[in-house]
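Here's the letter readout for the chains.
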Amino acid sequence: MNATNIKIGLFGFGTVGQGIYRVLERSANAHAQICRICVRDINKPRDVDAPRDIFTTNADDILNDPEVNLIVEVIDKAEPAFEIASKALSKGIPVVTGNKAMLAQHLPELIELQRKHNVALLYDASSCGSIPVIRNLEEYYDNDLLLEVKGILNGSSNYILSRVFDHGESYDSALRHAQELGFAESDPSFDIEGFDALFKLVIITVHALGVYVKPDDVFTYGIANIHDADIQYAREKRVKIKLVAQVVKLDQDKFTMFVMPEFVTKSKYIYSVDDEYNGVVIRGECYDRQFMFGKGAGSLPTASSILSDIMARRHDYRYEYKKMNYLSRPSYTTDVTLKVYVRFSATNILHVINFERVYEQYISDNNNYVIADVKLSELIAKRERLNAPDLFFANIPQFYIDRD
Ligand SMILES: NC(=O)c1ccc[n+]([C@@H]2O[C@H](COP(=O)([O-])OP(=O)(O)OC[C@H]3O[C@@H](n4cnc5c(N)ncnc54)[C@H](OP(=O)(O)O)[C@@H]3O)[C@@H](O)[C@H]2O)c1
């Protein structure tokens, strides 16, 4: 590409799409212009005033436009987005996307399409909004030293938990506030049940360790069932409960990954990641820990990451997925023991879960809890039953306990 010829076909003109339009207006050095915009409803009122004649509802108007040489895809659905990205890549048109649900479900096919058609797909905006996690993992951490990537990857659930812990707000009121402020969707399950963090973790793991793990194979447990009793317990122990996603190398041959609420002590970097912010800790041999912090979502922060990928295309940048070609890559295991806190009432959890070791049990008229060791594979096997509303699970971290 030369200095004047990025002609963008934009799919989606919602929160992120309109942010991209605004950010590009301020970025003379991008030399990039949005030529066409595809949306679902052309008559919908928009906050950003773009020329009406560039809008369409027909994807092919963009995909068949010879002028368009970069697709930016920011729609809110995974399957139509996959169709758009696949068609564009098959035609040799590079794609920039922020669509974590599409990527987490279709990365192997999308990587194959990039190879087959020698074309780039960039997606730093998909994981932690404005924080440049993917490109750093891909380039700077291109070696065997990386041991762990762990963090708060979902701004909405973090906002809710911050309001509860730091402002004494009830969970329901914090959720309502998150929705009013636009941090949580009207259907917030994607965020609070942990799937948003899961999809980001799947993408991060491809770039951290060179291994793709299907979202369905990863234990994911959110904050939907958190209760006053859990908050009181955490306060008494002087910890905060955060929704944490992590991928951890256990040795040279194995790694594990999961998304779960976690007891976080004051000494940890992520303890002070509050409100709608995201924070990612990268730990490795030789360099110990590094910490990235920033806005993980929102119109302009996410658009800034998309802009960065647009600019990267100016230099023909693409992910090479180098770690996927390493001679030895670790394999994913769920044969690992976690120490967990489980609060329960009607469900007798000791009859449901096969715990390896019980350290502590508390039984009262209202609530009961147990602190115990359990295999991650056992949690996965029983996961349907763990969603019962009277249960709440939290991880008590033990991998590298003093250092993460
Ligand atoms: N919001 C964030 O902070 C954030 C951060 C990182 C990544 N992302 C990702 O970015 C993407 C967009 O998020 P958003 O918050 O901007 O969503 P949004 O506000 O709901 O906007 C979605 C846009 O997609 C359009 N659309 C839906 N289906 C379409 C289709 N089949 N063809 C063409 N256009 C279609 C909609 O058209 P209409 O306007 O006509 O309905 C709308 O303009 C999602 O994948 C999300 O996960 C978002």
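In space, the 6 strands of this open sheet follow the order β3-β2-β1-β4-β5-β6, with parallel pairing throughout. A strand with exactly one partner marks an edge of an open sheet, and here the two such strands are β3 (55-56) and β6 (121-122).

Moving on, we get to the site of the ligand. The immediate surroundings of the ligand are formed by 22 residues, with Val-16, Asp-41, Lys-44, Arg-46 and Gly-298 found nearest. Here an oxygen atom of the ligand sits 3.1 Å away from a polar atom, N or O, in the main chain of Gly-14. At 3.0 Å, a backbone N or O of Ile-75 approaches an oxygen atom of the ligand. Across the complex, the protein chains shield 83% of the 900 Å² of accessible surface that the ligand would expose by itself. In terms of residue class, the shell around the ligand is made up of 9 nonpolar, 7 polar and 6 charged.

Counted according to the given criterion, the structure contains 20 salt bridges. Residues Asp-196 and Lys-200 are paired through a salt bridge, measuring 2.7 Å at the closest nitrogen-oxygen approach. Of the two residues, Asp-196 and Lys-200 both sit in helix α9 (residues 195-209), 4 residues apart, roughly one turn of that helix. Taken together, the salt bridges that share partners define one network made up of Asp-166, Lys-240, Lys-242 and Asp-274.

Right, let's talk about the nonpolar core for a bit. Grouped together as the largest cluster of nonpolar side chains are 137 residues, with contacts concentrated most on Ile-8, Ile-37, Ile-71, Ile-349, Leu-379 and Phe-393. Ranked by residues supplied to this core, first place goes to α9 with 10 residues. Three or more residues apiece are contributed to this core by two domains, here domain 1 (6-122) and domain 2 (135-299 + 329-396). With sequence-adjacent residues up to four places away left out, Phe-393 is seen in contact with Tyr-221, Met-260, Pro-261, Tyr-341, Val-342, Ile-349, Ile-353, Leu-379 and Leu-386. Membership of the second largest hydrophobic core comes to 7 residues, among which are Ile-152, Val-264, Ile-270 and Val-273.

Another aspect to go through is the packing of aromatic side chains. Under the counting rule described, the total for this entry stands at 21 aromatic pairs. Ring centres 6.3 Å apart and planes at 40 degrees place the aromatic pair Phe-291 and Phe-293 in the tilted group. Overall, Phe-293 belongs to the partly exposed group, its relative accessible area being 44%. A ring pair is formed by Tyr-362 and Tyr-369, whose centres lie 5.3 Å apart and whose planes are at 20 degrees; its orientation type is stacked.

Each domain of the protein was delimited in the assignment, giving domain 1 (6-122) and domain 2 (135-299 + 329-396). Taken over C-alpha atoms, the centre of domain 1 sits 32 Å from the centre of domain 2. With 10 residues of domain 1 in contact, the opposing surface of domain 2 contributes 10 residues. Where domain 1 abuts domain 2, roughly 900 Å² becomes buried across the two surfaces, and 73% of that area is made up of carbon and sulfur atoms. Its largest share of buried area at the contact with domain 2, domain 1 owes to Lys-100, Ala-104 and Leu-107, together 52% of the area lost on that side. Close ionic contact of Asp-196 with Lys-100 constitutes a salt bridge, the shortest N to O distance being 3.2 Å. For the side of domain 1 that touches domain 2, the elements supplying multiple residues, two or more each, are α1 (15-25) and α4 (100-117).

What follows concerns α4. The terminal C-alpha atoms of α4 lie 22 Å apart, and with 18 residues this falls more than 12% below the ideal 26 Å at 1.5 Å per residue. When the local axis directions of α4 are compared, the greatest deviation, roughly 80 degrees, occurs at His-106, which is followed within four positions by the proline Pro-108. Those residues of α4 that sit buried are Ala-101, Met-102, Leu-103, Ala-104, His-106, Leu-107, Leu-110, Ile-111, Leu-113 and Gln-114. As for α4, its buried residues are in contact with β4 (70-73), α3 (78-90), β5 (95-97), β6, α8 (189-192) and α9. A positive phi of about 50 degrees marks Asn-118, the residue just after α4.

This part covers the side chain of Ser-126. Within the secondary structure layout, Ser-126 lies in the loop between β6 and α5 (133-139). In terms of polar contacts, Ser-126 uses its side chain to reach the backbone carbonyl oxygen of Tyr-123, at 2.7 Å. Engagement of the side chain of Ser-126 in a polar contact is seen with the side chain of Ser-127, the distance being 3.5 Å. In contact with Ser-126, other than residues within four places in its own chain, are Thr-97, Gly-98, Asn-99, Lys-100, Leu-103, Lys-200 and Ile-203.

The next point concerns the environment of Arg-289. Looking at where Arg-289 falls in the secondary structure, it is placed in strand β12 (residues 288-295). The exposure class assigned to Arg-289 is partly exposed, which follows from its relative accessible area of 24%. Distance from Arg-289 to Tyr-269, taken between C-alpha atoms, is 9.6 Å for residues 20 residues apart in sequence.

The rules behind these values
Residues numbered from 1 in each chain as written. Predicted model: local features only at pLDDT ≥ 70, side-chain atom pairs only at ≥ 80, totals over all residues. Heavy atoms only, no water. Pairing = 2+ DSSP bridges. Helix = DSSP H or I, 4+ residues; strand = E, 2+ residues; numbered from the N terminus. Near = heavy atom within 4 Å. Polar contact = N/O pair within 3.5 Å; in protein donor to acceptor, adjacent residues only side chain to side chain. Areas by Shrake-Rupley, 256 points an atom, 1.4 Å probe, with all protein chains shown as cover. Nonpolar A, V, L, I, M, F, W, Y, C, P; charged D, E, K, R; others polar. Salt bridge = Lys/Arg side-chain N within 4 Å of Asp/Glu carboxyl O. Core = buried A, V, L, I, M, F, W, Y, C linked by side-chain atoms within 4.5 Å. Buried < 20%, exposed > 50% of the residue type's maximum accessible area, 1.4 Å probe, protein only. Domains from an automatic or database assignment. Contact = heavy atoms within 4.5 Å. Phe/Tyr/Trp six-rings, centres within 6.5 Å; stacked < 30°, edge-to-face > 60°. Buried area = accessible area lost by both parts, 1.4 Å probe. Expected span 1.5 Å × (residues − 1). Bend = angle between axes of the 7 residues up to and from the residue.

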